[in-house]
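Summary of structural features
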Amino acid sequence: MSETSEFDVNGQHRSAEADVRMTLADFLRERLGLTGTHLGCEHGVCGACTVLLDGVAVRSCLMLAVQARGHQVTTVEGLADGDQLHPVQQAFRESHGFQCGFCTPGFVMMTTALLQENPHPSEEEIRDALSGNICRCTGYQSIVEGVLRAASSGAGAAASN
Amino acid sequence: MKTPRFEYHAPRSVEEVLGLLAEHGDEAKVLAGGQSLVPLLAMRLARPTHLVDINNVEGLTGIAERNGVVAFGALTREREAEGSALVSRQLPVMAAALPHIGHISIRNRGTIGGSIAHADALAELPAVARITGAEMVLKSGTDERVVSAEDFFQGHFTTALGDEELLTEVRVPKGPAGAGWAFEEVARRRGDFALVGVAAMVALDGTGRVEEARLCLIGVADRPLRSSAAEAALVGAEPSTEAFVAAAEEAVRDLRPPSDIHGPGDYRRQLARVTVRRSLEAAASRAGKAS
């Protein structure tokens, strides 16, 4: 059973045909070519596939693409403004908030959502918010530093614009 | 991973959902937040041939107070309940339990009704439903019935919900005035399923003695377990460490929790003993004397 899914991705109207059982994550990667969204566990444990659905962080492996119809999806490709990194990306870069980089899109999207809701989180709030994202290089210290740096650079205010 | 093949339905009204459930019976599965069902599909532990997505159904969301209960539309997201002033004011045990469910991105999609209908023996909301004496509204094409939490949860992943029925609303009573509530959980990592979780309520009389106590445990049986012996033992007692230690002993007396890869049964039993005491202490510290 195949259906067309149409929705806004990173501010652009996108449409493609896919089997109804295709997850949003696979749809973004395979139908729309947006391979910035990574897939780790594919059953909602690792957080690598986190995207924003109407501005709220969700796991794109736990949604079907057909369920995104009528919604706005933001992926990591939608953050930077041309060559200008998003403040969260910039802060992760400055803090070396990644090693191999596989988990980074998920952490960056989760952080963007966190700072929109809470522009100046405490370290404990950051750790709680990121508890659903797994980094197997165990670079958590510098990831948390990256979030703190992003918060102090006003990324929360930038993100909600 | 790819889920099994299914036919996808996106009804707009409860009537349409009920029509689809009546037509397809046990071959259909209702998709709410999908935070448990989609992994089960991905791992092919569930193989429905019809998926009935209720996310576009009108009238299944919202939190409202009426007649002494807080009513949740079944599709209300857990994260919405977590941020609800009504929930933190009227249902402190639910407010305490919600942050233990998965992670923020899980709770952004996961629903109150979905967690209760799924009835994982380790899930938090079934324990909240059980300790508060919540009622579930079940609709079918021909009938509507209201089932108490006591009768609703029948085992791991097993409830009173029939194949043709949809859980539309969860009604959670507020509980005695001045009662103190707590929800304590032990998990290996933040957001993991609980090894053991305990919901507790302590209400005091005018002299500061326990007038009513409630306890509900998860992780020790195939469903959330009320501990009536421990509850009864606390009535009339002075709220004290001795009384809570004795109640904890009573609560675990007949428990034979299962052993699994997460820990042996004896370990779970010991965790239950400690967590019951802690949750009673926390609940009692929040209880006000009746005036």
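As the structure is a prediction and not an experimental result, all values here were calculated from the model.

What counts, and where the lines are drawn
- Residues numbered from 1 in each chain as written.
- Chains lettered and ligands numbered in written order.
- Predicted model: local features only at pLDDT ≥ 70, side-chain atom pairs only at ≥ 80, totals over all residues.
- Domains from an automatic or database assignment.
- Contact = placed C-beta atoms within 7 Å.
- Helix = DSSP H or I, 4+ residues; strand = E, 2+ residues; numbered from the N terminus.
- Nonpolar A, V, L, I, M, F, W, Y, C, P; charged D, E, K, R; others polar.
- Expected span 1.5 Å × (residues − 1).
- Axes fitted to C-alpha atoms, helices over the stretch in contact; angles between N-to-C directions.
- Parallel < 35°, antiparallel > 145°, perpendicular 65-115°, else oblique.
- Left-handed = near helix turned anticlockwise from the far one by under 90°.
- Core = buried A, V, L, I, M, F, W, Y, C linked by C-beta atoms within 7 Å.
- Buried ≥ 20, exposed ≤ 12 C-beta atoms within 10 Å, placed from the backbone.
- Pairing = 2+ DSSP bridges.

**Some details on the domain arrangement of chain A**
Residues and elements named next belong to chain A. Per the domain assignment, the segments of chain A are domain 1 (2–77) and domain 2 (87–159). Between the C-alpha centres of domain 1 and domain 2 the distance comes to 21 Å. At the junction of the two partners, domain 1 supplies 14 residues and domain 2 supplies twelve residues. Counting only elements with at least two residues in the side of domain 1 that touches domain 2, the list comes to β3 (50–53) and β4 (56–59). It is β3 that provides the largest number of residues to the side of domain 1 that touches domain 2, a total of three residues.

**A few points about the interface of chain B and chain A**
With 24 residues of chain B at the interface, the matching set in chain A holds 21 residues. The set of elements that each furnish at least two residues to the side of chain B that touches chain A consists of β1 (7–9), α2 (37–42) and α6 (104–109) of chain B. Ranked by residues supplied to the side of chain B that touches chain A, first place goes to α6 of chain B with five residues. Here the side of chain B that touches chain A is composed, by residue class, of nine nonpolar, nine polar and six charged.

**As for the environment of C100 of chain A**
Of note, C100 of chain A is situated in the loop between α2 (87–94) and α3 (104–117). Spatially, the C-alpha atom of C100 of chain A lies 25 Å from that of E124 of chain A, the residues being 24 residues apart in sequence.

**As for the domain arrangement of chain B**
Residues and elements named next belong to chain B. The domain architecture assigned to chain B consists of domain 1 (7–53), domain 2 (63–173) and domain 3 (180–286). Each of domain 1 and domain 2 has a C-alpha centre, and these two points are 19 Å apart. Facing 14 residues of domain 1, the contacting portion of domain 2 comprises 18 residues. Tallying contributions element by element places helix α1 (residues 14–24) first for the side of domain 1 that touches domain 2, with six residues. Looking at the side of domain 1 that touches domain 2 residue by residue, the class counts come to seven nonpolar, six polar and one charged.

**Side note on helix α11 (residues 241–252) of chain B**
Along its twelve residues, α11 of chain B runs 17 Å from first to last C-alpha, staying within 8% of the 16 Å computed at 1.5 Å per residue. Those residues of α11 of chain B hidden inside the fold are in contact with β13 (210–218), α10 (228–234) and α12 (265–286) of chain B.

**Focus: the packing of α2 of chain A against helix α5 (residues 140–152) of chain A**
All names here are of chain A. In contact at an axis separation of 8 Å, α2 and α5 are set at 135 degrees when each is read in the N-to-C sense. When the interaxial angle is binned, α2 and α5 end up oblique. When you trace α2 past α5, the crossing you get is right-handed. Where α2 approaches α5, its residues P87, V88, A91, F92 and E94 are matched on the opposing element by G146, R149 and A150. Classifying every residue of the contact of α2 with α5 by side-chain character gives five nonpolar, one polar and two charged.

**Digging into the packing of α11 of chain B against α12 of chain B**
Residues and elements named next belong to chain B. Viewed as axis vectors pointing N to C, α11 and α12 meet at an angle of 140 degrees, and their least axial separation amounts to 8 Å. As judged from the angle between their axes, α11 and α12 are oblique. For the crossing formed where α11 meets α12, the hand is right-handed. Only R269, A272, R273, V276, R277, L280 and E281 of α12 make contact with α11, whose side of the interface consists of F244, V245, A247, A248, A251 and V252. Here the contact of α11 with α12 is composed, by residue class, of nine nonpolar, no polar and four charged.

**Remarks on the nonpolar core**
Residue and element names in this part refer to chain B. Among the nonpolar cores identified, the biggest contains 144 residues, and V93 and V202 are the most heavily contacted of them. Per element, the largest residue contribution to this core is eight residues, and it comes from strand β12 (residues 196–204). Residues in contact with V93, not counting those within four places in the same chain, are V128, I131, T132, W181, F183, A199 and M201.

**Quick look at the sheet that holds strand β10 (residues 166–173) of chain B**
All names here are of chain B. The strand order across the open sheet formed by five strands is β4-β5-β10-β6-β7, and the pairing between neighbours is antiparallel. At either margin of the open sheet sits one strand with a lone partner, and together these are β4 (63–66) and β7 (144–148). Strand after strand, the sheet turns through a mean of 25 degrees between neighbouring axes, direction not considered. Examined bridge by bridge, β4 and strand β5 (residues 69–73) share four bridges and lie antiparallel to one another. Looking across to β5, one finds that E65 is bridged to V70.

**Comments concerning the sheet that holds strand β2 (residues 12–19) of chain A**
All names here are of chain A. In space, the five strands of this open sheet follow the order β2-β1-β5-β3-β4, with mixed pairing throughout. The strands lining the two open edges of the sheet, one partner per strand, are β2 and β4. Neighbour to neighbour, the strand axes of the sheet diverge by 45 degrees on average, direction disregarded. Both strand β1 (residues 2–9) and β2 contribute to a ladder of eight bridges, which runs antiparallel. Bridge pairing in β2 places E3 opposite A18. Against the sheet, α3 contacts β3 and β4, and its axis sits at roughly 35 degrees relative to β3.

**Considerations on α2 of chain A**
Three or more residues of α2 of chain A are buried, namely P87, V88, Q89, A91 and F92 of chain A. Where α2 of chain A terminates, the next one or two residues include H96 of chain A, which has phi positive at roughly 50 degrees.

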